[in-house]
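The lines below spell out each chain.
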Amino acid sequence: MTQAKGAATFRSATDMYGRFVGRYAPGLAAGLIEAVGVAQRDRVLDVGCGPGGLAMALARIVGEENVAAVDPSQPFVSVCRARLPNADVRVAEAEELPFPDGFFDDAFAQLVVNFMTDAERGVGEMKRVVKPGGKVAACTWDYRDKMTMLRTFFDAAHEVAPEEAERADEGKTMGYSTHEELTGLWRTVGLEEVRGGELWVTVAYEDFDDLWAPLPSGIGPAGAFCASLEPEQQKELRAAWARHLGNPEGPFELTARAWYAAGVS
């Protein structure tokens, strides 16, 4: 995650990230890679790698030694390095990538573009470090509609604390969360053969407690909103969220849609 509004909230314990959005990473990474295409032995970069969900998926195709990854969070970088000891994993911002021009065959960013301080500069940096004809691709959640976990959370939040929720709702605060916005950004930075589409992920939860557990820790913008509430409001939020999901008992699944954009450098 790059350092922007809401990005610092992902610096919480990496295990909480794994229980929150991290559990969506394997399915989303597989969908992005399938949509964009990666060749064996390509040299690839993962921008905003977090604990390494996408980087690990890329490594299974191209080999660890051909993977580089950056993230501004030292805890995330440490986890990613431990998972991929033969990859080049560094602490760095998307807007200042520490690599020479044309160094990679492909560059990817998963759930990162909307957290960049300067998205045009960040994606422009991805374009710079990819060789001519190489691919630049990213995906972001459909915060406004079909990312079920976050959309239902903020719908519940509007019931409990309307004014605060209006300011925090990621469906309102997050940019580049539509197909048009994301592909438009790709064209703005000068990428060619721009295309995009939707990616769907389904995630299983043991029960509602499994879904709720990371939120009070303050992980992500949704968690930061939850942690800012008084204990009684948190109880109200928990109950409202459960209602929006049909008061699930026992195991259940949630679906999520992300938009992706891909272009050629």
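Predicted model only: the values in this text are computed from it and were never measured. (Residues numbered from 1 in each chain as written. Predicted model: local features only at pLDDT ≥ 70, side-chain atom pairs only at ≥ 80, totals over all residues. Heavy atoms only, no water.)

### So, helix α9 (residues 179-188)
Here is the rule: Summary of the burial criterion: residues with accessible area below 20% of their type's maximum are buried, those above 50% are exposed, and those between are partly exposed, where the area comes from a 1.4 Å probe applied to protein chains only. Helix numbers and strand numbers start at the N terminus; a helix is a DSSP run of H or I with at least 4 residues, a strand a run of E with at least 2. It is the directions from the helix axis to the C-beta atoms whose arc is reported. Contacts between residues were defined by any pair of non-hydrogen atoms, one from each residue, lying within 4.5 Å.
For α9, the complete set of buried residues consists of Leu182, Thr183, Leu185 and Trp186. Projected onto a plane normal to the axis of α9, the buried residues spread over an arc of 150° and lie on a single side. Seen from the buried face of α9, the exposed residues on the opposite side, beyond 90 degrees, are Glu180, Arg187 and Thr188. The secondary structure elements touched by the buried residues of α9 are α5 (119-128), β5 (130-141), β6 (192-205) and β7 (252-264).

### Brief notes about the side chain of Glu170
Which entries qualify depends on this criterion: Positive charges come from Lys and Arg alone, negative charges from Asp and Glu alone, with His and the N- and C-terminal ends not counted. One speaks of a salt bridge when a side-chain nitrogen belonging to Lys or Arg is within 4 Å of a carboxyl oxygen belonging to Asp or Glu.
Inspection of the secondary structure assignment puts Glu170 in helix α8 (residues 170-173). Salt bridges are absent for the buried Glu170, whose nearest opposite-charge side chain, Arg151, sits at 8.0 Å. Beyond its immediate chain neighbours, meaning those up to four positions away, Glu170 contacts Tyr143, Leu150, Phe154, Pro221 and Ala222.

### Considerations on the packing of α5 against α9
Quick note on the threshold: Angles shown run from 0 to 180 degrees and are taken between the N-to-C directions of axes, each axis being a line fitted to C-alpha atoms and, for helices, limited to the stretch in contact. By convention the crossing between two helices is left-handed if the near helix lies anticlockwise of the far one by an angle smaller than a right angle, and right-handed if it lies clockwise. Under the scheme applied here, ten amino acids are nonpolar (Ala, Val, Leu, Ile, Met, Phe, Trp, Tyr, Cys and Pro), four are charged (Asp, Glu, Lys and Arg), and all others, including Gly, are polar.
Interhelical geometry of α5 versus α9 gives an angle of 60° and a closest axis separation of 9 Å. As α5 packs across α9, the resulting crossing turns out to be right-handed. Packed against α5, whose contacting residues are Ala119, Glu120 and Val123, the element α9 presents Leu185, Trp186 and Thr188 at the interface. Considering only residue class, the contact of α5 with α9 consists of 4 nonpolar, 1 polar and 1 charged.

### A look at the packing of helix α2 (residues 25-36) against helix α3 (residues 53-62)
The following threshold applies: Angles are sorted into four bins: roughly parallel if under 35 degrees, roughly antiparallel if over 145, roughly perpendicular if 65 to 115, and oblique for all others.
Interaxial distance between α2 and α3 falls to 8 Å at its minimum, and their mutual angle equals 50°. As far as their axial angle goes, α3 and α2 are oblique. Like other packed secondary-structure pairs, α2 and α3 cross with a definite hand, here right-handed. Contacts from Ala25, Ala29, Leu32 and Ile33 of α2 reach α3 at Gly53, Leu54, Ala57, Leu58 and Ile61. A class-by-class count of the residues in the contact of α2 with α3 yields 8 nonpolar, 1 polar and no charged.

### As for the packing of aromatic side chains
We count it as follows: Pairing of aromatic rings covers Phe, Tyr and the six-membered ring of Trp, with a centre-to-centre limit of 6.5 Å; geometry is then stacked below 30 degrees between planes, edge-to-face above 60, and tilted otherwise. Charge-over-ring placement is defined geometrically: NZ (Lys) or CZ (Arg) within 6 Å of the ring centre, and within 35 degrees of the ring normal.
Across all of its chains, the model carries 12 aromatic pairs by this definition. Seen from their ring centres, Phe99 and Phe104 are 5.0 Å apart, and the 80° between their planes marks the pair as edge-to-face. Here the two residues Phe99 and Phe104 agree in accessibility, since each one is buried. The rings of Phe153, Phe154, Phe208, Trp212, Phe225 and Trp241 are connected pair by pair, giving a single aromatic cluster. Above the face of the Phe103 ring, Arg43 is positioned so that its terminal group lies 4.4 Å from the ring centre.

### Quick word on the nonpolar core
Soluble, globular proteins show a tendency: their nonpolar side chains are buried together. We apply this condition: Here the nonpolar core consists of buried residues drawn from Ala, Val, Leu, Ile, Met, Phe, Trp, Tyr and Cys, with membership extended through side-chain atoms lying within 4.5 Å.
Ranked by size, the top nonpolar core spans 69 residues in total, and within it Tyr24, Trp141, Met149, Leu237 and Trp241 carry the most contacts. Among the elements that line this core, the one with the most residues is helix α6 (residues 148-160), at 7 residues. Those residues in contact with Trp241 that lie beyond four places of it in its chain are Met149, Thr152, Phe153, Ala156, Phe208, Leu211, Trp212 and Leu215. Of all hydrophobic cores here, the second largest spans 29 residues; its members include Val47, Val70, Val112 and Val129.

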